[in-house]
Amino acid sequence: MRRPVIAGNWKMYKTIREAVDFVQTLKPLVVATTHCEIVIAPVFTAIRAVADRLEGSNIRVASQDVAAETGPGAFTGEVSAAMVRDAGAAYAIVGHSERRQYYCETDTTVNQKARSALAAGLVPIVCVGERIDQRSAGKAETTVDEQLLGGLANLTAQEVSNIILAYEPVWAIGTGQTATPEIAEQMHSFIRSRLRKMFGDAQADGVRILYGGSVKPDNIARLMQEPDIDGALVGGASLDPDSFSRIVNYKDSR
Ligand code: PGA
């Protein structure tokens, strides 16, 4: 019922030329893939070129962030959701833990960004996840709960049916230390139960919740067996077309 999403988050990697080369290589590797949505998030400067190369394909483009302000306006250095859409993206990652950690994004900012993305017709991929100290202190669920309450504040049920969530435990990002399928499933099912309380059954059952944090070709199939894991947000392993295509095609490699 929930169509899986496999999304690659390239972070601050790849020039326009490198990004275009990547998608030209990736396209034939996933041309027959129908079981999931495939999304790639290049840097802002490469969105247009990548989107052009992907026209008519089964791969969609995301931005890695959007401005909180809808604009247009005097916000030096920012790129609005409408501009990202104009460049050819259909999704926008918001609230990634690196944005929260290095650029002081709060749940309030994440909420503004999610709403700006929705207003521009983008599908926001809203990231949540606890740090290791919060998990060690027994506060993993309360942390994620606060992020959900703040990040999704004032969204209508209709808007919530147009978002994707990504659970990315900070301790698993870029560390090679993937959450076990059991730990991930526990949090995904917690998130869904919170969505049920906040927005109702239809939204909770419909929203895709992706797992992120050291997803690789050799652990994706097992993660995807969990009932509440609806896909993956992939960092490092999305930078190579072969490795990313093996993650996308996890069903064939089982
Ligand atoms: P990783 O990154 O796959 O390299 O751990 C995931 C992410 O930051 O989205």
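In what follows, the structure referred to is the one given above.
About the criteria used
- Residues numbered from 1 in each chain as written.
- Predicted model: local features only at pLDDT ≥ 70, side-chain atom pairs only at ≥ 80, totals over all residues.
- Heavy atoms only, no water.
- Near = heavy atom within 4 Å.
- Polar contact = N/O pair within 3.5 Å; in protein donor to acceptor, adjacent residues only side chain to side chain.
- Areas by Shrake-Rupley, 256 points an atom, 1.4 Å probe, with all protein chains shown as cover.
- Nonpolar A, V, L, I, M, F, W, Y, C, P; charged D, E, K, R; others polar.
- Buried < 20%, exposed > 50% of the residue type's maximum accessible area, 1.4 Å probe, protein only.
- Helix = DSSP H or I, 4+ residues; strand = E, 2+ residues; numbered from the N terminus.
- Pairing = 2+ DSSP bridges.
- Right-handed = clockwise from strand over helix to strand, strands pointing away.
- Axes fitted to C-alpha atoms, helices over the stretch in contact; angles between N-to-C directions.
- Contact = heavy atoms within 4.5 Å.

Draft legend 1. The site of the ligand, seen in detail. Looking at the ligand, there are 13 residues lining it, with K11, H96, E168, G174 and S214 nearest. The separation between an oxygen atom of the ligand and a polar side-chain atom of H96 is 2.7 Å. Contact with the protein chains hides 97% of the accessible area of the ligand, taken as 280 Å² for the molecule alone. When its residues are assigned to classes, the shell around the ligand shows four nonpolar, seven polar and two charged.

Draft legend 2. Structural view of the pairing of strand β3 (residues 59-63). Among the five residues in β3, four count as buried, and that is most of the element. Both strand β2 (residues 37-41) and β3 contribute to a ladder of three bridges, which runs parallel. Residue pairing for β3: V39 is matched across the bridge by R60. In this fold, the crossover linking β2 to β3 by way of helix α2 (residues 44-54) has right-handed handedness. Where β3 and strand β4 (residues 91-94) come together, two bridges link them in parallel fashion. Within β4, the position partnered with S63 by the bridge is A92. Handedness of the β3-helix α3 (residues 81-86)-β4 crossover: right-handed.

Draft legend 3. Main features of the sheet that holds β2. Spatial ordering of the closed barrel is given by β1-β2-β3-β4-β5-β6-β7-β8, a layout of eight strands whose pairing is parallel. Direction aside, the axes of adjacent strands within the sheet are offset by 25° on average. Note that strand β5 (residues 123-128) and strand β6 (residues 164-167) share four bridges and pair parallel. Counterpart to I125 in the pairing with β6 is I164. The sheet contacts of helix α5 (residues 107-119) involve β4 and β5, and relative to β5 the element is tilted by about 160°.

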